[in-house]
Amino acid sequence: MTQFGAFIKKEFFHILRDKRTVLIVLVMPVVMIILFGFALSTEVRNVDIAILAPDPDRMIEQIADRLDASEYFTVKRWLNTPAEIDQAMKAGDVQMVIAFGQHFSGNLLTPDGSQMQLIVDASDSNMAQSYASYAGGIISEFSRELAAAGEERGIETQVQFLYNPQMKSAYNFVPGIMGLIMMLICAMMTSISIVREKEMGTMEVLLVSPVRPIYIVVSKMVPYFVLSCINLITILLLSVFVLQVPVAGSLAAFGLVSLIYIITNLSLGLLISTMAQQQVIALMFSGLLLMVPAIVLSGMVFPVESMPPVLQAISCAVPPRWYIAAVRKLMIQGLPLIYAWKETVILIAMAVVLIAASLKLLNNRLE
Amino acid sequence: MGEEIVIHAEELTKTFGTFTAVDHISFDVRQGEVFGFLGANGAGKTTAMRMLCGLSKPTSGIGTVAGYDIVRQSEKIKRNIGYMSQKFSLYEDLRVWENIRLYAGIYGMRDREIADKTDALLERLHFTRERNTMVRSLPLGWKQKLAFSVSIFHDPAIVFLDEPTGGVDPYTRRQFWEMIYEAADRGITVFVTTHYMDEAEYCDRVSIMVDGCIEVLDTPRNLKERFEARSMDEVFHSLARKAKRTE
Amino acid sequence: MNAVTVENITKRYGDTVALNGVSFEVGTGELFGIIGPDGAGKTSLFRIIATLILADSGTANILGFDVVQDYKELRKRIGYMPGRFSLYQDLTVEENLSFFASVFGTTPEENYHLVEGIYKFLEPFKKRRAGKLSGGMKQKLALCCALIHKPDILYLDEPTTGVDPVSRKEFWEMLKQLQQEGITIIVSTPYMDEANLCDRIALIKEGRFMQIDTPQRIREGYSAPLWVVQTDRMHRLLGDVRAFGGVEYGYAFGEAHHFIAGEGFDPEGLKTYLRGLGHGNIVLHRGEATIEDCYMLLAKQ
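Residues numbered from 1 in each chain as written. Chains lettered and ligands numbered in written order. Predicted model: local features only at pLDDT ≥ 70, side-chain atom pairs only at ≥ 80, totals over all residues.

Asker: In this structure, what is going on with the overall build of chain C? I would like to understand it.
Answerer: When helices and strands are counted, chain C shows 11 helices and 14 strands. The principal-axis extent of the C-alpha atoms belonging to chain C is close to 70 × 45 × 35 Å. Buried residues in chain C amount to 50% of all 301 residues. Restricting the contact set of chain C to residue pairs at least 6 apart, pairs at least 24 apart contribute 69%. (Helix = DSSP H or I, 4+ residues; strand = E, 2+ residues; numbered from the N terminus. Buried ≥ 20, exposed ≤ 12 C-beta atoms within 10 Å, placed from the backbone. Contact = placed C-beta atoms within 7 Å.)

Structure below.
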């Protein structure tokens, strides 16, 4: 056991002395969270809108105030005639106009109801959809309150958002980033660090010693396991406190699945390292064979369901796909672990297969 | 050997923090001379050589190489010297002729000239059959010979050789030195470091560095007389034993 | 009893034959040198007897253990220093030593007496990272690490390549001391002067052992008529001597040139010839062959 201890101590020395790598490993999740959270956000925030109200009254003003008070919209202009809509849009002053029909408040009580139109600048269609649904959401909530107060029958909206009532994009990318970072650190770093020993010639010396090759390799996994756990906590804290994405389900279940995922990736790194002889090769392996599928096929960016069947089939072999799916269930939807049993079992099976394969390939000689 | 001075160093010094790697060294090398630059590991040879090649700026002192100032005209120096080291010499994954082509191209030689000189060179080295061989699969001694030929392919004024024969067997080392002589006969000044003391005997003059200073500089014959030694090996030992620093 | 018995080892890499039927024996406590150029197959041979690679054919028995079957037992007893510097550059001198001690399940203290003579050079730098040591120091540290488990046999693959003459000498003094401790040592080197310090040497070329014997007997076995010549114009001398009839093979040898005379060689005739070409201070005499001369002769054939 002292032998194994010495190996682990050595690994920690390697990592801690390589200040740049430690920094990258620890800061990367923070940067990614901030990047995705703010810069690349598809969220709606302070969008300029105009209100067209031929007959402005108290209710219209209330709705306008409600929209303005939200963090999503700023009421920039009030318009009087439909002709002005085109003008305001073309000038780029506003991205959306909320046009109230004539006698809006009065018509609310009639069987026909009143009319309201959302006119959106759809040059960015995704954003346009978001604006419309956000505004729709706010208005329907307002109308529900009115109905509850017994004042009117209300304005009906069809749009409903499950699990992510505020349509936060963070809900989407937090599981994705977790899947990606864990993969990078566990698989890539472990494999590179094992291959480095081959390249430096130290593997030669270690192989001539009575130490069992499996020790050499497993000792490499320990520090990266620790680093991944630190990252897991960092991401969790950041997403809860900075991005306000709470852990809806059981923290224990989430932690368990994450640990399994980390082990799966460490075994993947192990397998790569048994095959690659040079750091560059290990990097290419993990870069091309892991990173790209992890981003493209895992469901982090594009939903798996909308992929062509071939890609869907391939995506089954990509560990982050299962992890991300599990995290969505456990963290965002707040479902109990039993609902993620399939993902968990698949991740465990992957780990077992990978470890078995690498043990088979692990050589106790140089060639 | 000409009278013209092609390397001039005056009080050259390089410090790294509190550590003085090269400590006020002064010397001249004449055109066509084979100059041996000796010293123990860590005596400061590589640092001094880097300054002369324009790769590192001296902390103080003056140096000119091929008539150019080592601080202000380092780019001109690089055009007029050849450099070969034991560690980096040729691209292993390129063929013999591709390596030659590449280096000649770097020095701006014309295609016609390159083609003619390549044929002549391969002929001289008896390498014609290896023209399309990957450098990787050549034996070390052959690589070193080829690397040396490539480093003087553009007819530089001076060629710097950093331990060119490390790990090479005695037979190939001798062939290598005969190539050095040929280059010197063509007027190329050769500045060479080595750990083989029999090779020190082949130099016109040698300097021996100890702890960053040039301790002695003379012909091998004069040095042996002065130290009452039978070989350069003995001269080296009696000097290097004085070294204080081991780094 | 022999520490090493190697029989008919062959190793191929594709079309290249690295080792071509190598056989030799090394006695317990012997200092055995393998002398030859880069690419002659030395590293492959070390790797085979270190249990790192498998030979295509032939057998090797080290300390009574077969390198294929009993590799686990053997690895406890081997100290190996590969050709490249193979320690952890980012660990300090101290950390490297204690790490390698733990690898073998021991501590630096347990066998300290064995490395004491070497480690005293390193002691002042024990907090320094191995990557920042000079060439000579790195080799000493590598030797310490290879010795720390008190191996019965030590393999050193070109330990002194790129090391300055003073450090080389110190290194060989250490090897001699280790030999006193009863450790069998197999060392390879491209330096012919180091060959003289071995008990027996093998001259290897292109995967074959050309000669195995004591340095003295190898020198004595040199039968060609060797001459030494020196003048005041050494550069030109080599070409001039080679051009002289009756000189078969001439090469530079430190401050003098050596050559092998053929039949009907006339020493006085050579002197006259050289004087005629403008050489002065001519010294010409029969020479005694060194290992390097033996190597030069073998390399030429």
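Asker: Where do I start with the overall build of chain B in this structure?
Answerer: Summing up its helical and strand segments, chain B has nine helices and 10 strands in all. Over its C-alpha atoms chain B spans a radius of gyration of 18 Å, differing by no more than 12% from the 18 Å that the globule rule assigns to 247 residues. A buried classification covers 45% of the 247 residues belonging to chain B. (Rg over C-alpha atoms; globule rule 2.2 N^0.38 Å.)

Asker: Could you clarify how one ought to interpret the sheet that holds strand β2 (residues 19-30) of chain B in this entry?
Answerer: Reading across the sheet, the four strands line up as β2-β1-β4-β5 (chain B) and stay open at both edges, with antiparallel pairing between neighbours. The open sheet has two edge strands, β2 and β5 (68-69) of chain B, and neither has a second partner. (Pairing = 2+ DSSP bridges.)

Asker: How do you make sense of helix α1 (residues 42-49) of chain C when you look at a structure like this?
Answerer: Note on helix geometry: an α-helix contains 3.6 residues per turn, so any two residues three or four positions apart are oriented the same way. All names here are of chain C. Among the eight residues that make up α1, seven are buried, leaving the element largely enclosed by the rest of the structure. Taken together, the buried positions of α1 are occupied by Lys42, Ser44, Leu45, Phe46, Arg47, Ile48 and Ile49. Looking at the residues trailing α1, positive phi occurs at Thr51, about 70°.

Asker: Any chance you could explain the interface of chain C and chain B here in plain terms?
Answerer: A common way to report how large an interface is uses the accessible area buried once the components associate. The partner chain B presents 31 residues to the 28 residues of chain C that form the contact. Elements with a minimum of two residues in the side of chain C that touches chain B: α5 (135-147), α6 (165-180), β12 (247-253) and α11 (291-300) of chain C. If you tally residues by element for the side of chain C that touches chain B, the top one is α11(C), at four residues. Taken together, the residues that form the side of chain C that touches chain B break down as 13 nonpolar, 10 polar and five charged. (Nonpolar A, V, L, I, M, F, W, Y, C, P; charged D, E, K, R; others polar.)

Asker: Even after reading the chapter, I still don't get the interface of chain A and chain C, so can you show me in this structure?
Answerer: In this complex, chain A contributes 22 residues to the contact, which on the side of chain C involves 24 residues. Of all the secondary structure elements, the ones that give two or more residues to the side of chain A that touches chain C are α1 (2-17) and α8 (202-208) of chain A. Examining the composition of the side of chain A that touches chain C, we find that seven residues originate from one element, α1(A), more than from any other. Tallied by class, residues from the side of chain A that touches chain C come to 10 nonpolar, six polar and six charged.

Asker: Any chance you could explain the arrangement of the chains here in plain terms?
Answerer: By contact count, the leading pair among the two pairs of chains in contact is chains B and C. In this structure chain A stays clear of chain B, and the shortest span between their C-alpha atoms is 15 Å.

Asker: How do you make sense of the pairing of strand β8 (residues 184-189) of chain C when you look at a structure like this?
Answerer: One face of the sheet, then the other: side chains in a regular strand alternate in exactly this way. Residues and elements named next belong to chain C. Counting buried positions over the six residues of β8 gives six, a clear majority of the element. Of the two faces of β8, the one holding Thr184, Ile186 and Ser188 and the one holding Ile185, Val187 and Thr189 are both buried throughout. Looking at chain direction, strand β3 (residues 31-35) and β8 are connected through five bridges and run parallel. Bridge pairing links Ile35 to Thr189 in β8. Across four bridges, strand β7 (residues 153-156) lies against β8 in parallel orientation. Residue pairing for β8: Ile153 is matched across the bridge by Thr184.

Asker: Teacher, can you tell me more about the nonpolar core here?
Answerer: As a rule of thumb, nonpolar side chains are buried together in soluble globular proteins. Ranked by internal contacts, the top residues of the largest apolar core, which has 232 residues, are B:Val190, C:Ile49 and C:Cys144. With residues up to four places along the chain from it excluded, the contact list for C:Ile49 reads C:Val4, C:Val6, C:Ala60, C:Ile62, C:Val67 and C:Tyr155. By size, the runner-up hydrophobic cluster in this structure holds 24 residues, among which are A:Leu52, A:Ala88, A:Ile98 and A:Ala135. (Core = buried A, V, L, I, M, F, W, Y, C linked by C-beta atoms within 7 Å.)

Asker: Looking at this model, I keep getting lost on the pairing of strand β4 (residues 60-65) of chain B. Mind explaining?
Answerer: Residue and element names in this part refer to chain B. Two elements, strand β1 (residues 5-16) and β4, share five bridges in a ladder whose sense is antiparallel. From the neighbouring strand, Glu10 faces β4, where its bridge partner is Ile62. Where β4 meets β5, two bridges bridge the pair, whose relative direction is antiparallel. Bridge pairing in β5 links Val65 to Tyr68.

Asker: What is the right way to look at the packing of helix α4 (residues 112-122) of chain C against α5(C) in this model?
Answerer: Each pair of packed helices can be described by the angle between their axes along with the distance between the axes. All names here are of chain C. Axis separation between α4 and α5 bottoms out at 9 Å; the angle between their running directions is 150°. By the criterion of interaxial angle, the relationship of α4 to α5 is roughly antiparallel. Handedness of the crossing formed by α4 with α5: left-handed. Judged by residue contacts, Leu114, Val115, Ile118, Tyr119, Phe121 and Leu122 of α4 engage Met137, Lys140, Leu141, Leu143, Cys144 and Leu147 from α5. Looking at side-chain class alone, the contact of α4 with α5 contains 11 nonpolar, no polar and one charged residues. (Axes fitted to C-alpha atoms, helices over the stretch in contact; angles between N-to-C directions. Parallel < 35°, antiparallel > 145°, perpendicular 65-115°, else oblique. Left-handed = near helix turned anticlockwise from the far one by under 90°.)

Asker: What am I meant to see in the sheet that holds strand β11 (residues 226-230) of chain C here?
Answerer: Hydrogen bonds between backbone atoms are what pair the strands of a sheet, whose relative direction is either parallel or antiparallel. Residues and elements named next belong to chain C. The four strands are arranged β12-β13-β11-β14 in an open sheet whose pairing can be described as antiparallel. Looking at the sheet topology across the chains shown, the edges are occupied by β12 and β14 (283-286). Averaged over all pairs of adjacent strands, the angle between their axes in this sheet comes to 25°, without regard to strand direction. Lying on the sheet, helix α9 (residues 234-243) is in contact with β11, β12 and β13 (256-261); it crosses β12 at an angle near 165°.

Asker: How do you make sense of the environment of B:Ile208 when you look at a structure like this?
Answerer: Residues and elements named next belong to chain B. Within the secondary structure layout, Ile208 lies in strand β9 (residues 205-210). Along the sequence, Ile208 and His126 sit 82 residues apart, while their C-alpha atoms lie 35 Å from each other. Contacts of Ile208, omitting those with residues within four sequence positions, involve Leu38, Gly39, Glu215, Val216, Phe236 and Leu239.

Asker: In this structure, what is going on with the confidence of the model for chain B? I would like to understand it.
Answerer: Do not read the fine detail of predicted coordinates wherever pLDDT is low. Averaged over every residue, the pLDDT of chain B is 88; the share at 70 or more is 97%. The lowest-confidence element of chain B is helix α5 (residues 140-151) of chain B, averaging 87 in pLDDT; the highest-confidence one is strand β8 (residues 189-193) of chain B, averaging 95. (pLDDT = per-residue confidence, 0-100.)

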